Each structure stands twice: as structure tokens, then as C-alpha cells.
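So you can see what is in the structure, the chains are spelled out below.
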Amino acid sequence: MKISGSYFLPLPPEQAYQRLQDSQVLAEAMPGCESLDKIGEDEYRMKMKMALASLSGNFDGKVRITEQSPPNSFKLMVEGSGKVGFMKGEGLLKFTPKDAGTEVSYEGDVQVGGTIAAVGQRLIDGTAKMMIKRFFDKVAA
Amino acid sequence: MIPQQFEYSAPKTLDEALGLLAEGARPLAGGMSLIPMMKLRLSNPEHLVDLGRIKDLSYIREQGTVIHIGATTTHHDVESSPLLRGKCPLLAETASHIGDVQVRNMGTIGGSVAHADPAADYPAALQALEAKIVLKGAKSERTVSAADFFVDTFTTALESGEIVREVIVPVDGSGTGTSYQKVLQPASGFAIVGIAVRVRKQGDKVAMARIGVTGLSNRAFRATAAEKALEGRSGSPAEIQAVAALVGQGVDANSDLHASADYRLHLASVYAAKALAVALGRIA
Amino acid sequence: MATTTITKTEKLVGKRIRRREDPRLITGTATYVDDIKMPGMLYAAILRSPHAAAKIRSIDISKAKALKGVHAVFVGEDTKNAGAVPCGASLPGLRVPHHNVLAIDRVYLVGHPVAVVVATDRYIARDGVELIEVDYEVENAVADPEKALAPGAHAVHPQWPDNVAFTFHQEGGDVTKAFAEADVIVKQRIVSQRLIPNSMETRGVVADWHAADRTMNLYTSTQAPHLVRSLVAQILGLEENRFRVVAPEVGGGFGAKIQTYAEEILLAWISMKLQKPVKWIESRRENFLCTIHGRGHVDFYEIAAKRDGTITGIKLKIIQDLGAYFTVLTPAIPTLSVLMMPGLYRTPSISADIVGAFTNCTPTDAYRGAGRPEATHGIERMVDMVAAELKMDPAEIRLKNFVRNEEFPFPTATGLVYDSGDYSAPLKKAMEMAGYDKLRKEQVEARKQGRYMGIGLCAYGEICAFGPSPATPAGGWESATVKIEPSGQVTVLTGISPHGQGEETTFAQIVGDELGVGIDDVLVVHGDTSMVPYGIGTFGSRSTAVGGTALYFALQDLKATIKKFGEMLLESDDVTFAGGQCTCNKSGKSIGVKGIAAAAYRAMKLPPNTGPGLVATHFWEPPNFTFPFGAHLVVTEVNGETGDVSIKRYIAIDDCGNILNPLIVDGQVHGGVAQGIGQALWEQAVYDDNGQLVTGEFMDYTMPRAHMMPWIESGHTITPTPVNPLGVKGVGEAGTIGASPAVVNSVVDALSPLGVRHLDMPLTPEKLWKLISAGRNA
């Protein structure tokens, strides 16, 4: 599934770019993130506990940052798998100065597999949007 | 289709239930959403508290200008209640659109509201009715408006340990016309779009318009721009069309296999027009 | 001489008799596989791949094995000696992937079985599954047959990088000449989408091995118990005579239970390994992923016609989405489409090509109609397009091209011989019932008002009563034994295996008329290989036409024996057996079946060259298929604002030859039409690009429900077949085959003022709304 959107951060592009690569910020902002441990250059191991309505599940996964072009763009990849299935999100984040801040636009792809893909079809779009919004809200905070 | 092991309690009193919930148990009402998720092991609660045996949690009572509906009141009870059909017909009509007969016999208003599925039927009506939702925890009770209750996809104002205790809807006297119109997703029965309309006229002008929308986006909401545009007008067919077109304005619409965002927005406008026309026509 | 007995003069065949199987079904007292419980029985649960294509790096079963209540955990390596899931179809050059019962080093589709946990109850078994850890190396997948055939696509099976399982070519007549001399050539790509058969009862197996006497009892929800017996016994190296397969009550199949599945082999293997009975019941979620799917065609049609509407040739290229593996009939299904491609039309020349494509999806196989719905959908859409091109009425072009009554038996360009027919009769009857000319006038009016009203026709044919043995992978005959018990009651043992078709009723009707006994004196036994003679099973609208005929001939043998006893007992050589009585034509003395049965078993005296008892068995080989036909007429209206289709009228006229029980025939037509409308309007198996089945539950896969069905006005014409003495052709698949093209033709007709000439299924409201809004804006 394709995803795209944008979010305004009240920071100059350089800072916005930095903030979105800060593992501490990522750990706090990623919905459900319980731990984020560096395992390599721009690569982290992540444990997540997702809870949405009655759905809940633990995911084990990775976060990876690639194609860095500071302060213009980088690629963020998040993947996780658990008993209920797996998910993989990949997005190119672009940073454009706007009104004394930065517009962060993203464009990418979300893949979901396993039971959640088969029964959650009608909710994947909305849930992805909600997670992304929560993420940026935290990043901005 | 086999759930994990879980503990099950069926207390007789609300206090007992709230005590267990405060310890981390999860509430079970009609189970129409929770149990399928448990069978698929997408939901694995360790302890379920069945609210169905609690005395005096299933009721429909008129009190002055409002009607109180207990949390475990089934959709069927709402749909078939003479009191609601007479004095809050929008809620009864909406209940009749939920799922199928089996779901309506088991599912409850409290469960549906607390679950806050973005495509559930009740939330549209509750928004249009400006309903109040009473939330009860072990040591607290508070009342929030429907507008504040439905926060996001499956996300409500409920705090952990709290349950929906009752829903309070206004008595709609004569002079009010209502309608719920729904585009059904044929596989699941959920709303692709559901529009609840409640209108009142003074003379030949619309004095009050409330439009609740479900299925279109991340949560049920009130289409306030459309409401404002109708108030003060006569509700002519041309006005209805113009007002209906505002319902989806600025909304980040959902998209899935059954309906793209564009189609959903289009349906919202078509069904809003339908609901407005029916509701205006029903003003006695 | 005693003459009181069971007598009956009223004929049972042809009457609307309620199904005798229904009381146990509607009171919940029938015994399905899941109702079978045995002392010490264990339960199996299967871990399945969440990925469509991956290498298995490692599997850790230690935690699952350590769980209290778990008896065993098996992975692919353990079951290597359990053989492979069989494919019965053979085509020249067919690439058959080795289909292990559990994946060994790779998974090829979502739902691929990876490990099995056997435990004391189903909850623990399921808990055990959750404790298995598999390390997958995920690969790209391909879930679309056209993409699979494109250069550079992911290879489903690494050894066959082009994803081609087979190619197939067939020609008849002179298609080059037909196209060279055509006045008009119409081309269209037509998709028959992937569907998911959903019977009320999912699959399930109980395997019960007794080592001491080397016997296996396998209870399975199948349409073909003997086939399962032969295949599983052979695969596991067991003795066929000590291998009993029972199909207890089977809650529907629709073709998806003809196959021998991995779980049937696996459970038998586990029971041998653990020396315990073991049960596995498929969950609905597994049913969506692991039971076969149907259809999955992308067809490229070209049709050549003369200016007067005469169809002279058809070219067809089929891309068949096979899925990752084969089940029993997978590659054979599209060849049935080729046989059926001319439909009911004379069409002297055809050319057909099939490319079977592997995808990382569930295998496709027989689903109600199996190859014929696809072919009928194609030809019936194409005929409409030719009519539109030539500005002819769709009824007129059909009537012009039908095989004529005097041409039967009619050899088709695809190599079949159509048995009998009056192809214009059902169409004319449907048009008369509908008031066709008046409807066309109403349509003109509706269009003036801006309404989208459509009238759709479909004239369909079928290949039924499978079939002559040379045309089938495992024999096409059928068997029946009839026993008159000493009490005079009649037991029928049949090789077919009904699971909703109602033969316990229709066969009793046949027996009742032939032997002159009441329907309640007849018991029809089926589905137990230890009780009934070897049989082929129930599929392909064959049960009554082939199994019923075997029964009919067994009854004739039995009647001859009865007559001999009658002659002996009445001491006359001028005896007639009719209405359950042997009557001496001279003395008028008579004796009934009951008296004869008593004498035949008491055996105080026997007729010359006749032994005691009253039993007859007949194995009947049909000389040909049968070819039922019919016409559907559908009136629809499309809502211009929303794209919703409403079916205003549905007329279904069927000619299935003689009708044994009109109530059951109507039921078959209604159910079939529901499935056909389901395909036309709602159903579709949707995979995403990664091979995830996103319509993996009833939340998103739209099965038709009762309240979504139109009122069906049904009717019949009757053209008996000369292929069997009952004159019956079969009706199990007719409704499905006729429905999808009739509905689509109707909706295309409704939207034709917008320039629409073809629509692929399902006709979802959004798809139609987009067309309508584009048309309005144009």
C-alpha cells in the first residue's frame, strides 16, 4: 500500500533532519516502541508492543536509515514481525524549509502480512495514517 | 480459530467488575468484535470480565428531556424499544442497520461505543444526537460528550480501568426529523459511509441541523460546516445538494479494497443528501 | 400363497419430494468429521507460512515440544518419507512441482504448511504452534499470472525461471481461413477472477491407525473417498484393502473437496507414527488459504464472423493462474474451457492455446463448473460484442448460430459430440417469460430518463456427467449395488459421494419406481469405502447421470432375478414384474417383493441357475458426456449516482434432460445462480503484490447472502439425453455457468450508451461509478 503525506515541524531543516535520526527521539516517537538498540551504522533493533482496540501483539524488528542526503532527504525503513503477522514500512522523507520551519514530506510503501493482513484490510490505511500522525506529533513535541 | 487460555469472571455487580478492571482485566460486553479477534489470536487478554451478568446495566429509561441507555443494552433492544422509536427514532433506526440479526441480538451499545470502530454505525448517530457518554471507573464517574469521546481509530476518551456505563440521548419531540443512511460494505456489514441527520425547523427555516458521519475517516465526526450551511435555509433540493457536498470537505478519507477515498467522499455527499431529504421530510 | 406386500402404483420419479437427508441436517444431528471422537484421540494444529516466498533458514521446535500436553512436533524433514501431494492430470511436457506435505527448505505461498503440533487437545496444539520459531529469508513473490510470465519475474520454483508449467494447443477446422474470410473480427481480453470456494463445513480429517492388523481408518470431508483411499494408501505404502476412507456427512464441497490434500496424508502418517487416532479440523482462515481456489483465468479472445452474424471461428489464449502447486486436477481445468469454447454455436473452426502460470498463490482447481464457467463467460460476452458490432439483437445472433435440432449428435470443432438439444427453446422461453420486446421498449424509455437499464442474455452449454473413462484422470464410470434384504427393504450402495446433492432422495425415487417399493423402504448408503463398491465420487454434475444409471442397470439385473423367483413361486413361466408384484398372467396370482425376498433368503427352493439372495452390482461406463444447456435472462438497473447494480428480474431456464425431482433441481439452480451472481458482482480473491491474500476472511471476501439474492423465476425445457436410459443430463453446475455472463451482459447493456462494451468481474459499484462519471463528464 502506498502512503504519502506531509507534516510541519517548527524547526529549521538541519535540526528537523537531525531530530528524525536521533535514536532517542525515534524510540519515544515510534508508536508502541519498547526498546531501540543500535546494532550497526544507522541500524537498530526494535521491540514494539502494538495495542489498538482489542488487538495487541509484540513485534520484533529493525529500523534502518539509508540514502542520507542531509539536510534534504533520507530513507527510513521500519520492519517488525510477531505472531499475528508482520509489517514493513519504507518511506523517503524530504525536508523543505517552510514558514520558519520545515515541511517533512514522506512517500513510501507499507506492507502487511499474516493474519493482520487478511482480516484487517479495511483498517490498514487508517491505522497507518494514525501511527504516522502519532509519530510526528511526538517528534514535534 | 482457537483462542489462548484466559481467565473469565462474570461478576454480578458493577463495583466488582470495576475492581477487576482496575487490576488489568479487560471488559467483555457482547463480544461481537472481541471474540473473533481472540479466535484469530489477534487479541489475547489474560483476564476477561463479562459485563453481561451485571444487574441493572441493561435499560432504556426516560428521565425528563433525556433517555438513559445502559451499556449492555443490545442493539436489538435499542432497535425495538417503543420508547426510543417514539422519542429518539434516530438511534433506533441506526441500531437496525448494525451487522445482522445475530450481531444485533448479542452486540451492545456500550461495547460498540467503547470499541470505536471507525466504521461502526452508532457513533454517527451519537454525534448527531450530541449524546453524552457516562464513563465509570473504580473510583470515578464522568460524563463526556460524543464529540470529545471519539478521538481516533479505535481510540476514545476512556482511560484504562474505565468502562462505558451508559449513553444519554435527548428526547426528540415533534418538530424534529431524523434519518440514518448507510452504504453497506457487503462482506462485513460495516459502513463504507453512514450519515445520521437530525434537523428541526422553525417556521419554514431549518433552525437546527446535526450531521454525524461514520466510515469516511479515522473516526465518527460532526460535519459542522454542512450543518451551519443548512441552518437558516428552507432545505430546498438545491440547498440539500449544496449542503451535502460540504460533508466531506477537508476530510482525509479512508481508502480500502471496497472504496477508494474519492468514492467514499462521493458517497458521503450522495448519502448525506438522501439523509437530509428524508429527515426534513420526516419533520411532523 | 401369501400375496400381501409393499405395493405402489404412483410414480416417484418426477415428483417434488422433500429431501430425506434434511431432517438430520436441520436438527443438528448429522455426524461431520468434527463430531467424531475416539478414545485417546490427539489433535493436530499446523503452523503455516506468513510469507508467499521465502527460504527456511531454521525452525526451532524446542519450546513447542516442551509444552505440557504436546505429544509431538513434526517438520518437513520428518515427513520427507510421507510422499508428495499427488496431481492426477497429465499433459505433455507438464512440469509438476514436488509438493511435500510439509515445506522442507522453502515456502511457496502464504499458508504453506511448515510444521505440525500434535497435542492432547486442540487448544494446546494451537498454543504449541505459537511457540515454534521459524527463521525465514523472505524473497520477492509474484501473485499475478500475467506478471509471473513477464521477463524477470520472481521464479516461483527456482528450477523453472519462466514460471511456465505447461503450454497446450488445440485446433479444429481451419481457423486461419475463417479469420481471413471474416467480415468482422472482435477481440477482447476477459478475466475470470480468482474465487474462493467456501462450503459451510471446512475440511477436516480423523486418522486412526491400527498397527496390529495394519488397518487405517481415515475420516475426511471429501467428495471422492475412493480416490483418497487409492492415493493415500499408495503414497504411504499401505494395503488398499485395509485402508478405509469414510466421508461422513460432508457440508458442501463445490469441487474443492475432490482433491487429495496434504493434511489427509499427514494425518494418516502421524497416526501411524504415534499409534494414536489424530484429528485436524481446518479453520475458516485456513480454508481461505489452504483449500483450493477456483477460476483465475486471463483470456484473450478473437472471434471471426460474417456480416449476417454467422460465427466462423474463435481464437482463444488462456493464461491460467495455477498457484504454486498442483492438486489433483489443477492443470486439467483450463483444458475443459477449451473443449467448451464454442458454447452452443456451430463454430466450425477454433484454435486455442493455454499457458499455465505458476504464482505464489493457493493452487487453483475445480470449483463449481470447473473450466466451463470461464468458457461460457468468454463466448457469451464475445457473442454480445459481435452483436453490438453488427448492430444485431443479442437474441438474434444466438438463435442464428445455435446448433440446429437436426444436427445432433453434433461434432464440435473441439472434438466433442453434443448429445441432444433444442438450444433455441430455453432462450425463447426465457424471452417469452420476460416479455423481451416489451422490455426493450421499456429500456428505450428508461434511457430517455437517464436511467441505466440493461437486459442480459446468456445461452449456456455444459459438459456434464464426467465422463467416459478415457477422458478422465481416474476413470469416469460409476458403481452401484442394490440389495433387497430378507425383510424386503432395499439397500443401495453407491460409489458416488453426495454432500448436498440429494441422491439419498433421488436414488430412492428411482428404486421405488423400478421395484415398486415405498421411498421409506429404501436406504441409500454412500461415502464409506468399506461398505460401497469402488466408486469415482461426486463432481462434474455426474452423480445422477452416471451413478444413477449404474443404479438403474443394477436394478434391471435384480428385477430379472426377482422375476425368476416369481416364476418359481407362482409356478408359471408367464410372469410380469410390475408395481412391486410378480403376477402370473394366466392365473392372476401374484406375489410381492417382500414375499420374494423372504423366499430368496430362506432358499428352500431355488430357480434354475440362480443362487440364494437378492443382490446385484453394476459398474456403468458412460459412452459420452452429457451436454445440458439453458438460457438466463437478467434485467438490471445501475444507479447512476452510486454505481450500485440492482437485479430487477432473474429468469433461469434450464434443460437438464429428464427431471427426477423438480424440487432438488430448483435448489441446484438457485444455489448455482447465487454463486454465479457472486462471481459477477462481489467475489474476488485479492492478493497484494507480495502474495498476501487480503480477502482472507469473510470480512472482506463477499460471499453472497440470502438477502442479496433476487427472486429467481425458473423454468425448464426437457430434452432427454440418449447417453443414458434415465435421460438425465445433470444440473449441479448449470446455475453458476449461466449466471455470470447473463449478469455481466445485462450491466454492459445498461452502460452501453456510455460506450461501454466490456466489463471485468466483479462489477463493484465503484468500478461502475467511475465509468458513469467519466461518461457523464465526457
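Residues numbered from 1 in each chain as written. Chains lettered and ligands numbered in written order. Predicted model: local features only at pLDDT ≥ 70, side-chain atom pairs only at ≥ 80, totals over all residues. Heavy atoms only, no water.

1. Observations regarding the overall build of chain C
Part 1 of the reasoning: Tallying secondary structure elements over chain C gives 19 helices and 28 strands in all.
Part 2 of the reasoning: By the compact-globule yardstick of 28 Å for 778 residues, chain C fits well, its C-alpha radius of gyration being 28 Å.
Part 3 of the reasoning: Here the C-alpha coordinates of chain C stretch approximately 90 × 75 × 45 Å along the principal axes.
Part 4 of the reasoning: Burial statistics for chain C: of 778 residues in total, 66% are counted as buried.
Part 5 of the reasoning: Residue pairs at least 24 apart in sequence account for 80% of intrachain contacts in chain C once pairs closer than 6 positions are excluded.
Part 6 of the reasoning: Split by element, the accessible area of chain C, about 27,100 Å² in all, is 53% carbon and sulfur.
Part 7 of the reasoning: Charge-centre separation for chain C: the mean point of 75 positive side chains lies 2 Å from the mean point of 85 negative side chains. (Helix = DSSP H or I, 4+ residues; strand = E, 2+ residues; numbered from the N terminus. Rg over C-alpha atoms; globule rule 2.2 N^0.38 Å. Buried < 20%, exposed > 50% of the residue type's maximum accessible area, 1.4 Å probe, protein only. Contact = heavy atoms within 4.5 Å. Areas by Shrake-Rupley, 256 points an atom, 1.4 Å probe, with all protein chains shown as cover. Lys, Arg positive; Asp, Glu negative; His and termini not counted. Charge placed at Lys NZ, Arg CZ, Asp CG, Glu CD.)

2. A closer look at the interface of chain A and chain C
Part 1 of the reasoning: Of the residues lining the interface, 12 residues belong to chain A; the matching set on chain C comes to 14 residues.
Part 2 of the reasoning: Taking both sides of the interface into account, the surface hidden between chain A and chain C amounts to around 1,100 Å²; carbon and sulfur atoms contribute 52%.
Part 3 of the reasoning: When the area that chain A buries against chain C is broken down by residue, the three leading residues are Lys-83, Phe-86 and Ala-118 of chain A, summing to 43%.
Part 4 of the reasoning: Viewed at the interface, chain C and chain A are joined by 3 residue pairs in polar contact (both at pLDDT 80 or more).
Part 5 of the reasoning: Counting residues per element, the ones that place at least two in the side of chain A that touches chain C are β7 (101–113), α3 (115–119) and α4 (121–140) of chain A.
Part 6 of the reasoning: Counting residues per element, the side of chain A that touches chain C draws most heavily on α3 of chain A, which supplies 4 residues.
Part 7 of the reasoning: When grouped by side-chain class, the residues that make up the side of chain A that touches chain C number 5 nonpolar, 5 polar and 2 charged. (Buried area = accessible area lost by both parts, 1.4 Å probe. Polar contact = N/O pair within 3.5 Å; in protein donor to acceptor, adjacent residues only side chain to side chain. Nonpolar A, V, L, I, M, F, W, Y, C, P; charged D, E, K, R; others polar.)

3. Describing the nonpolar core
Residues and elements named next belong to chain C.
Part 1 of the reasoning: One finds Phe-166, Ile-303, Tyr-418, Tyr-423, Ile-463 and Leu-633 to be the most contacted residues of the largest nonpolar core, which totals 87 residues.
Part 2 of the reasoning: Top contributing element to this core by residue count: helix α10 (residues 372–389), with 7 residues.
Part 3 of the reasoning: Discounting chain neighbours no more than four positions away, the residues touching Tyr-418 are Met-340, Gly-343, Val-403, Phe-408, Pro-409, Phe-410, Thr-412, Tyr-423 and Phe-627.
Part 4 of the reasoning: Within the second largest apolar cluster, 47 residues are counted, among which are Val-482, Ile-484, Leu-569 and Val-575. (Core = buried A, V, L, I, M, F, W, Y, C linked by side-chain atoms within 4.5 Å.)

4. Brief notes about the side chain of Glu-21 of chain C
All names here are of chain C.
Part 1 of the reasoning: Mapped onto the elements of the fold, Glu-21 is located in the segment before α1 (22–26).
Part 2 of the reasoning: For Glu-21, which is buried and forms no salt bridge, the nearest opposite charge comes from Arg-19, at a distance of 4.7 Å.
Part 3 of the reasoning: Not counting residues within four places of it along the chain, the set of residues in contact with Glu-21 comprises Gly-502, Glu-503, Glu-504 and Thr-505. (Salt bridge = Lys/Arg side-chain N within 4 Å of Asp/Glu carboxyl O.)

5. Points about the pairing of strand β19 (residues 478–484) of chain C
Residue and element names in this part refer to chain C.
Part 1 of the reasoning: With 6 of 7 residues buried, β19 is to be regarded as a mostly interior element.
Part 2 of the reasoning: As defined by bridge partners, β19 adjoins strand β25 (residues 615–620) across 6 bridges and the pair is classed as antiparallel. Looking at the pairing, Lys-483 lines up with Val-615 of β25.
Part 3 of the reasoning: For β19 and strand β20 (residues 490–494), the ladder comprises 5 bridges, and the chain directions are antiparallel. Within β20, the position partnered with Thr-481 by the bridge is Leu-493.
Part 4 of the reasoning: Linking β19 back to β20 in an antiparallel pair, the connection comprises 5 residues, with Gly-488 at a positive phi of about 95 degrees. (Pairing = 2+ DSSP bridges.)

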